[in-house]
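As a plain string of letters, each chain reads:
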Amino acid sequence: QVQLVESGGGLVQPGGSLTLSCAASGSIFVINGMAWYRQAPGKQRELVAGITNSGNTNIADSVKGRFTISRDNTMNTMYLQMNSLKLEDTAVYYCTMKGIGFDRTMFDSWGQGTQVTVSS
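This text gives an overview of the structure that appears in the document. Since the model is a prediction, treat every value here as computed from it, not as a measurement. (Residues numbered from 1 in each chain as written. Predicted model: local features only at pLDDT ≥ 70, side-chain atom pairs only at ≥ 80, totals over all residues. Heavy atoms only, no water.)

1. A few points about the state of the cysteines
For the structure on display, the rule yields one disulfide. Note that C22 is cross-linked by a disulfide to C95, the S-S spacing being 2.0 Å. Taking the sign of the S-S torsion, 60 degrees for the link of C22 and C95, the bridge is right-handed. One end of the pair, C22, is in strand β3 (residues 18-26); the other, C95, is in strand β9 (residues 91-100), and 73 residues separate them in sequence. Since its relative accessible area comes to 0%, C22 is described here as buried. (Disulfide = S-S within 2.5 Å. Helix = DSSP H or I, 4+ residues; strand = E, 2+ residues; numbered from the N terminus. Buried < 20%, exposed > 50% of the residue type's maximum accessible area, 1.4 Å probe, protein only.)

2. As for the environment of V5
If you trace the backbone, V5 turns up in strand β1 (residues 2-7). In this structure, the C-alpha to C-alpha distance between V5 and N32, residues 27 residues apart in sequence, is 17 Å. V5 has contacts with S21, C22, A23 and Q112, leaving out every residue within four places of it along the chain. (Contact = heavy atoms within 4.5 Å.)

3. What to know about the environment of G50
Among the structural elements, G50 can be located in strand β5 (residues 46-51). Residue G50 is classed as buried on the basis of its relative accessible area of 12%. Spatially, the C-alpha atom of G50 lies 7.1 Å from that of I69, the residues being 19 residues apart in sequence. Ignoring sequence-local partners within four residues, the contact set of G50 consists of M34, A35, N56, T57, N58 and I69.

4. Brief notes about the pairing of strand β8 (residues 77-82)
Sheet analysis places β3 next to β8, joined by six bridges and oriented antiparallel. Looking at the pairing, S21 lines up with Y79 of β8. Across six bridges, strand β7 (residues 67-72) lies against β8 in antiparallel orientation. Bridged to S70 within β8 is Y79. In textbook terms, the turn of a hairpin is the stretch between consecutive antiparallel strands, and for β7 and β8 this stretch comprises four residues, one of which, N76, has a positive phi near 50 degrees. (Pairing = 2+ DSSP bridges.)

Put into structure tokens, the structure is as follows:
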């Protein structure tokens, strides 16, 4: 079992910044893909940003130039730096990681979600 714990969400004014963190623990041999998704009220969950274990990133057009995804492989942790936040960035943000455990079984884990609210 691999557990993901998110932190860093909260209330911020438009134009402000937040940094989300997602830390993985458990039986982890290697983490391949990591990603952040978000779900706003009444909307489908959408991909925000993803990063491979070699550092290649994929950023949604809606946040490109404002959000940065990064990872620390030594700490099994992923980050989402969010700048110039807009009202429409309000959502619950989820992290997800895929990899292989020490028992050589694959895992696909999700965090519990963290609320980001952008409001004046």
